[in-house]
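Next come the chains, spelled out residue by residue.
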Amino acid sequence: MDVETLMARLARAGVTALIKADDERMSAGGEPWTVVFSGAALGAEGGVRSDAAELRSALAEALDRLATRPGDWSWLDEFRTPRPASVPGPPARARHSGQAPGPE
């Protein structure tokens, strides 16, 4: 996935995109990657946040959530990785709130 192109497209669509790698969570063996989307384009539901052990998983979960919001997000498909339903695996752990997160 071309993250730079994705973030530029998100910004042009009215979405502020933030990617964070947390050193404390990484040292503790937790989920160091956080992806946050916010902005007026997300409407009344507010921001999208996803935390995961891998950046790819955090991005995938955040994009999946964004795609369910009102508006034309069909262009996200070029950045989303198809997930075959027949392949079991651990679900991506993600947190979501209607509000943009505060400082950690």
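Residues numbered from 1 in each chain as written. Predicted model: local features only at pLDDT ≥ 70, side-chain atom pairs only at ≥ 80, totals over all residues. Heavy atoms only, no water.

Notes on the overall build of the protein chain
Across its full length, the protein chain holds three helices and three strands. In the protein chain, the order of α-helices and β-strands from amino to carboxyl end is α-β-α-β-β-α. Taking all 104 residues of the protein chain together, the buried fraction comes to 29%. In the form shown here, the protein chain has an accessible surface area of approximately 6400 Å², with 54% of it arising from carbon and sulfur atoms. (Helix = DSSP H or I, 4+ residues; strand = E, 2+ residues; numbered from the N terminus. Buried < 20%, exposed > 50% of the residue type's maximum accessible area, 1.4 Å probe, protein only. Areas by Shrake-Rupley, 256 points an atom, 1.4 Å probe, with all protein chains shown as cover.)

What to know about the confidence of the model for the protein chain
Low pLDDT means the predicted coordinates in that region are not meant to be read closely. The pLDDT averaged across the protein chain works out to 85; a share of 78% of its residues lies at or above 70. Within the protein chain, the element-level pLDDT minimum falls on helix α2 (residues 23–27), averaging 93, and the maximum on strand β2 (residues 33–38), averaging 98. (pLDDT = per-residue confidence, 0-100.)

Some details on the sheet that holds strand β3 (residues 48–52)
Reading across from one edge, β1-β2-β3 is the order of the three strands in this open sheet, with antiparallel pairing throughout. Each edge of the sheet is formed by a strand with only one pairing partner; in this case those strands are β1 (16–21) and β3. On average, adjacent strands in this sheet sit at an angle of 10° to one another, irrespective of strand direction. Bridge count for β2 against β3 is five bridges, and the pairing is antiparallel. When the sheet's bridge partners are listed, W33 is paired in β3 with A52. (Pairing = 2+ DSSP bridges. Axes fitted to C-alpha atoms, helices over the stretch in contact; angles between N-to-C directions.)

Points about the side chain of D51
Structurally, D51 can be placed in strand β3. Residue D51 is classed as buried on the basis of its relative accessible area, which comes to 2%. Among the polar contacts made by the side chain of D51, one reaches the side chain of R25 at a distance of 3.0 Å. (Polar contact = N/O pair within 3.5 Å; in protein donor to acceptor, adjacent residues only side chain to side chain.)

Looking at helix α1 (residues 3–12)
The α-helix advances 3.6 residues per turn, and as a result positions three or four apart in sequence lie on the same side. The backbone nitrogen of E4 lies 3.3 Å from a side-chain oxygen of the residue at the head of α1, namely D2. Downstream of α1 by one or two residues, G14 has phi in the positive range, about 90°.

Brief notes about the nonpolar core
Formed by 17 residues in total, the largest nonpolar core has its most connected members in L6, L10, F37, L66, W75 and L76. Elements supplying a minimum of two residues to this core: α1, β2, β3 and α3 (55–67). Per-element accounting of this core gives the leading share, five residues, to α3. When residues no more than four places from it in sequence are discounted, the contact partners of L76 are L6, L10, L63, L66 and A67. (Core = buried A, V, L, I, M, F, W, Y, C linked by side-chain atoms within 4.5 Å. Contact = heavy atoms within 4.5 Å.)

Brief notes about the side chain of S50
Mapped onto the fold, S50 is located in strand β3. Judged by relative accessible area, which is 0%, S50 ranks as buried. At 3.2 Å, the side chain of S50 forms a polar contact with the backbone oxygen of A58.

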